[in-house]
Amino acid sequence: MEEENNNNNNISYLSQQEAKEIDEALMGPLGFSVDQLMELAGLSVAASIAEVYKPPDYGRVLVLCGPGNNGGDGLVAARHLYHFGYKVTVHYPKRTPKPLYAGLVTQLESLGIPFLVLEDLLVDMAEDFDILVDAIFGFSFQGPPRHPFNDLIQRVHICTRDVFQGPLKYPVIVSIDIPSGWDVEEGNVNEMGIRPDMLVSLTAPKLCAKTFHGHHFLGGRFVPPSIAEKYNLRLPPYPGTSMCVRIGKPPKINISALRENYVSPAFLEDQVEADPFDQFRKWFDEAMAAGLKEPNAMALSTTGRSGKPSSRMVLLKGVDNDGFVWYTNYTSQKGRELSENAYAGLLFHWDRLNRQVRVEGPVEKVPELESEQYFHSRPRGSQIGALASPQSSIVPGRDYLHHQYKELEKKYPEGQLIPKPETWGGYRLKPEKFEFWQGQPSRLHDRLADILSYGKTRVDSCSAGSMNIISSIIVVKFIHLWYVADLNLNSETVMDAGEN
C-alpha cells in the first residue's frame, strides 16, 4: 500500500492483492453480503456522477456492464441514476446466471430501462448518449479482454476526449473503480484502455489511480475501523451524509478548448414572424415550456457619460408592443448611467435551446402609477428589501442590511402598507433593433436582425454570393462572415461563421 499527499491529506492506494484481501474480509468475518456492498457501491457511483454531471446537460446515460461484480455495481448505479432523473440505457452482453444479478435486471426492466444488444450500439455513441459508464471490469480482472468486451472497450476508446472526432460534443466517460483495460497497479500501460473523465474508486483507490487525471471520487462508505487499522488506510472524511467524496482538486481546464458544437433546427427567414415582438414571444414561450430556470433573466448593458459600458443581470417583468420592462433602484449604477445616456442593450440567453436574443433601444421610466402597482404586487419581503438596501452604495457590512431589514419589519407590521421608495421604479426599453440568434454546427450560426423604424418592419434575405443591394441596405459577404452596413432603418439577415 502506498500513500500520496494532496489536499485530502495522505491518501492510501491499494495493490491488487490488498484489494482482494479487504473484499474477502468484508464478505467473510465482517458479515457483509455481496448485494449489500454492491448496493452501497452503485449508490456511491450514481451520487458521484450527479455531483459533476447534472441531468439537464448530461441526461442520457449508457451503462456498460461486465459479467462480474463491477457489472453488478453498474446495474445498481443505473437504478439510482434513473431515480435521480437521468434517462438510462444498459448494455449487458454477458449476463451472470445468478439470482442476485437476475434480480437487478428485473428491477431495471420494471422501471422501463431499455437493454441494448451489441448490434444496437452505434460506433459513434456520442449521437445518443451524454455519459458512458464503464462498469465492465474491476480490480480482480486479469489478462487481455476477450470478445465482446475487447470490441466494446475500443468503441468507448473512440469516444475519449483525445480521440473523438465526431461532429457532436464527446460523451463523458465514468469508470467504476478501475478503468477497463488498465492494469490494476501500473495503469493504462498499452494506452488502449478506456481513458475516463471521471473515476469513482471504491473502498480505497487502487495504485493505478495515481496516474489518473480527472474528476476522482471515492465511494463505498462502509470501511469498518478494523479494516482501516489493519491496512493502515488513510481515507478522506465523507462530508455530512454524502456517499461520495472528491479526492484531490478538480482537473485543470483549458479554457481555450471549451466549446460546444451546437445542433439546432435551422432558423430560416420564411419561419420568422412578421412582427419581431411576436417572434420574441414565441421563443420566450418555448423557453418557458422547456423548463429553463428564470427564462426572463436578461443582461442589461448601459453606458454613462464616460462611455464605459457596464452589464448586470436583471429580470424582465413585462413585454408588449411598447417595449421591455424591468424594475430597479433609480440611484443604482444602472439608474445613474441611464440618466446620463438613456440608451441600453438587453441580451437573453437560453442555453439549452442554443438561442439568444439581443434588443437595443432608448429607455424611459415607466409611469409612477405603473411602478406603484408593481411594487405592491411583490412579496412583502421584497418590498422591505427595496427600502432596506441602498443599491450600489457602500454599506458597513451584511449585518447593517439585516439590522435595517429587521427595523423596517417592526415599523411596517403585517397588514400595513409599505410605501414604495421614491428612488425605486421601472424602466421601459423601446426596441429599435432585435437580433435572433440560433446556434448551429461548425459555428455557421443563424442570425436574423430586425431594425425597426416604427410602423415598418421587414426581413430581407441575402443570397450567398458577392454584393447585393437590397432596398437601402448593403450586404457584403467577406470570407466566412457577413458584414452588414445599415444605411436605413429596415431589416437584414445575417449569417455568421466566425464567433468562438
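Here the structure is shown first, and the text comes after it.
Since the structure is predicted, the reported quantities are computational estimates derived from the model, not experimental observations. (Residues numbered from 1 in each chain as written. Predicted model: local features only at pLDDT ≥ 70, side-chain atom pairs only at ≥ 80, totals over all residues. Heavy atoms only, no water.)

1. Quick look at the pattern of salt bridges
The condition that has to hold: Should a side-chain nitrogen of Lys or Arg be within 4 Å of a carboxyl oxygen of Asp or Glu, the pair is scored as a salt bridge. Strands here mean DSSP runs of E at least two residues long; helices mean DSSP runs of H or I at least four residues long; both are numbered from the N terminus. The cut-offs for exposure are 20% and 50% of the maximum accessible area for each residue type, with area from a 1.4 Å probe on protein chains only; residues under the lower value are buried, those over the upper are exposed, and the others partly exposed.
Evaluation of the coordinates by the stated rule reveals 15 salt bridges. One salt bridge connects Asp177 with Lys206, and the closest N-O pair in it is separated by 2.7 Å. On the criterion of sequence distance, the pair formed by Asp177 in the loop between β7 (172–176) and β8 (198–202) and Lys206 in the loop between β8 and β9 (215–219) is long-range, its members being 29 residues apart. With relative accessibility at 2%, the residue Lys206 sits in the buried group. In this structure, Glu337 and Arg312 form a salt bridge, with 3.9 Å as the shortest nitrogen-oxygen distance. Remark: Arg312 occurs in strand β12 (residues 309–315) and Glu337 occurs in helix α8 (residues 333–340); sequence separation between them is 25 residues. Side by side, Glu337 and Arg312 carry an identical accessibility label, which is buried.

2. Here we look at the sheet that holds strand β5 (residues 115–116)
Defined as follows: Here the rule is simple: two strands pair whenever DSSP picks up at least two bridges between them.
The mixed open sheet is built from eight strands, whose spatial order is β5-β4-β3-β6-β7-β8-β9-β10. In this open sheet, the two edge strands, each paired with only one partner strand, are β5 and β10 (244–246). Pairing of strand β3 (residues 60–65) with strand β6 (residues 131–135), which is carried by five bridges, proceeds in the parallel orientation. Across the sheet, residue Val63 finds its bridge partner in β6, namely Val133.

3. Let's talk about the pairing of strand β14 (residues 323–329)
Across the seven residues that make up β14, a large majority, seven, are buried. Here strand β13 (residues 318–320) pairs with β14 via three bridges, running antiparallel. By the bridge assignment, Gly318 is partnered in β14 with Val325. As consecutive antiparallel partners, β13 and β14 are separated by two residues. Examined bridge by bridge, β14 and strand β17 (residues 424–429) share six bridges and lie antiparallel to one another.

4. Details of a nonpolar patch on the surface
Basically, it comes down to this: Residues forming no salt bridge and having over 30% relative accessible area are the ones grouped into patches, like charges within 9 Å of each other and nonpolar side chains (Val, Leu, Ile, Met, Phe, Trp, Tyr) within 5 Å. Method for areas: the Shrake-Rupley scheme with a 1.4 Å probe, in which residue coverage is limited to the protein chains shown.
Nonpolar side chains collect at one region of the surface, where Ile253, Ile255 and Leu258 lie side by side and expose about 360 Å² of accessible area between them. Relative to the helices and strands, Ile253 is located in the loop between β10 and α7 (276–289).

5. Regarding the packing of helix α10 (residues 380–388) against helix α11 (residues 398–411)
Filter applied, for reference: Axes, fitted as lines to C-alpha atoms, cover a helix only where it is in contact. Angles between the N-to-C directions of the axes lie from 0 to 180 degrees. Convention used here: angles under 35 degrees read as roughly parallel, angles over 145 as roughly antiparallel, angles from 65 to 115 as roughly perpendicular, and any remaining angle as oblique. Crossing chirality is assigned from the near helix's rotation relative to the far helix, an anticlockwise turn below a right angle marking it left-handed and a clockwise turn marking it right-handed. Contacts between residues were defined by any pair of non-hydrogen atoms, one from each residue, lying within 4.5 Å. Under this grouping Gly is polar, as are all residues other than the nonpolar Ala, Val, Leu, Ile, Met, Phe, Trp, Tyr, Cys and Pro and the charged Asp, Glu, Lys and Arg.
Relative to each other, α10 and α11 sit at 120°, their axes nearing to 9 Å. Considering their axes alone, α10 and α11 lie oblique with respect to each other. Judged by the sense of rotation from one axis to the other, the crossing of α10 with α11 is right-handed. Touching Arg380, Gly381, Ile384, Gly385, Leu387 and Ala388 of α10 are Leu401, Gln404, Tyr405, Leu408 and Glu409, all from α11. A per-class count over the contact of α10 with α11 returns six nonpolar, three polar and two charged.

6. Description of the side chain of Asp130
Position of Asp130 relative to the elements: it lies in the loop between β5 and β6. By relative accessible area, which is 9% here, Asp130 ends up buried.

7. Some details on the packing of aromatic side chains
Basically, it comes down to this: Any pair of Phe, Tyr and Trp rings, taking the six-membered ring for Trp, is counted once the centres come within 6.5 Å. Such a pair is stacked with planes under 30 degrees apart, edge-to-face with planes over 60 apart, and tilted for the rest. Whether a charge sits over a ring comes down to the Lys NZ or Arg CZ being within 6 Å of the ring centre and within 35 degrees of the ring normal.
Within the structure shown, the criterion is met by 22 aromatic pairs. With centroids separated by 6.3 Å and ring planes inclined at 55°, the aromatic side chains of Phe32 and Phe222 adopt a geometry described as tilted. One end of the pair, Phe32, is in the loop between α1 (16–27) and α2 (34–52); the other, Phe222, is in the loop between β9 and α6 (225–230), and 190 residues separate them in sequence. Its relative accessible area of 21% is what places Phe32 among the partly exposed residues. Seen from their ring centres, Phe324 and Phe434 are 6.0 Å apart, and the 55° between their planes marks the pair as tilted. Of this pair, Phe324 sits in strand β14 while Phe434 sits in strand β18 (residues 433–438), and the two are 110 residues apart along the sequence. Accessibility classification places Phe324 together with Phe434 in one group, the buried group. Joined through ring pairs, the aromatic side chains of Phe267, Phe277, Phe280, Trp283, Phe284, Phe324, Phe348, Trp350, Phe434 and Phe436 make up one cluster. Sitting above the plane of the Phe115 ring, Arg95 keeps its charged end 4.7 Å from the centroid.

8. Quick notes on the environment of Asp134
What counts here: Under this definition, polar contacts are N or O atom pairs within 3.5 Å; protein pairs additionally need one hydrogen-donor-capable and one acceptor-capable atom, and for neighbouring residues in sequence, both atoms have to be side-chain atoms.
Take Asp134: it is sitting in strand β6. C-alpha of Asp134 to C-alpha of Leu152: the two residues are 18 residues apart in sequence and 10.0 Å apart in space. The residues touching Asp134, leaving out its near neighbours within four places in the chain, are Leu64, Asn70, Val174, Ser175, Ile176, Ile178, Pro179, Ser180 and Ile194. In this structure the side chain of Asp134 is engaged in a polar contact, spanning 2.6 Å, whose partner is the side chain of Ser180.

9. A closer look at helix α9 (residues 368–377)
The condition is simple: An arc is given here, and it is the one of the directions from the helix axis to the C-beta atoms.
Taken as a whole, α9 has its buried residues at Ser371, Tyr374 and Phe375. For α9, the angular spread of the buried residues around the axis is 105°, confining them to a single face. Turned more than 90 degrees away from the buried face of α9 sit Leu369, Gln373 and Ser377, all of them exposed. Elements that come into contact with the buried residues of α9 comprise β14, α10 and β17.

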